[in-house]
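Take a look at the letters that make up each chain.
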Amino acid sequence: MPAIYEAQNLLQIVIGAGLFAMMVWALVDCARTRPDAFVAASKRTKTFWLLLTGGATAIGFIFLFSPFNLFNIVAVVAAGVYLADVRPAVRSVQGRGGPNTHMGPYGPW
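Residues numbered from 1 in each chain as written. Predicted model: local features only at pLDDT ≥ 70, side-chain atom pairs only at ≥ 80, totals over all residues. Heavy atoms only, no water.

## Quick word on the overall build of the protein chain
Right, so step 1: Tallying secondary structure elements over the protein chain gives four helices and two strands in all.
Right, so step 2: The burial tally for the protein chain puts 28% of its 109 residues in the buried class.
Right, so step 3: Within the protein chain, contacts between residues separated by at least 24 positions form 65% of all contacts whose residues are at least 6 apart in sequence. (Helix = DSSP H or I, 4+ residues; strand = E, 2+ residues; numbered from the N terminus. Buried < 20%, exposed > 50% of the residue type's maximum accessible area, 1.4 Å probe, protein only. Contact = heavy atoms within 4.5 Å.)

Take a look at the structure:
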């Protein structure tokens, strides 16, 4: 039985490290983005998203070894919203990605 507990603990640490890496990625990407791109994409300000992803990263660091804590789940959702919704909109405004990146004379390719 101790081998099962060790495997569960290792899996929890791996999941916690992966979620923490996702939060750090969201924070770094937000910090590297121009402030006017957030307003142009009709999203909240850069300061708001820096505070949100920074708080999520801090919570992810605190609960690194217990990734299924309620606070950590809320932090993962906050970072996930940034990465899934805000980041693509901001990147499309900046011309660095998004659905309209590869536009030809007759539409996307």
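On we go.
## Topic: the pattern of salt bridges
Right, so step 1: If you walk through the whole model with that rule in mind, you get three salt bridges.
Right, so step 2: Taking the shortest distance from any N to any O, the salt bridge between Arg87 and Asp29 comes out at 3.3 Å. Of this pair, Arg87 sits in helix α4 (residues 70-94) while Asp29 sits in helix α1 (residues 2-32), and the two are 58 residues apart along the sequence.
Right, so step 3: Since its relative accessible area comes to 12%, Asp29 is described here as buried. (Salt bridge = Lys/Arg side-chain N within 4 Å of Asp/Glu carboxyl O.)

## So, the nonpolar core
Right, so step 1: Counting residues in hydrophobic clusters, the biggest one holds 17 residues, and the most contacted among them are Phe38, Trp49, Tyr82, Val86 and Val90.
Right, so step 2: Mapped onto this core, the elements with two or more residues apiece are α1, α2 (35-40), α3 (46-62) and α4.
Right, so step 3: Tallying contributions element by element places α4 first for this core, with nine residues. (Core = buried A, V, L, I, M, F, W, Y, C linked by side-chain atoms within 4.5 Å.)

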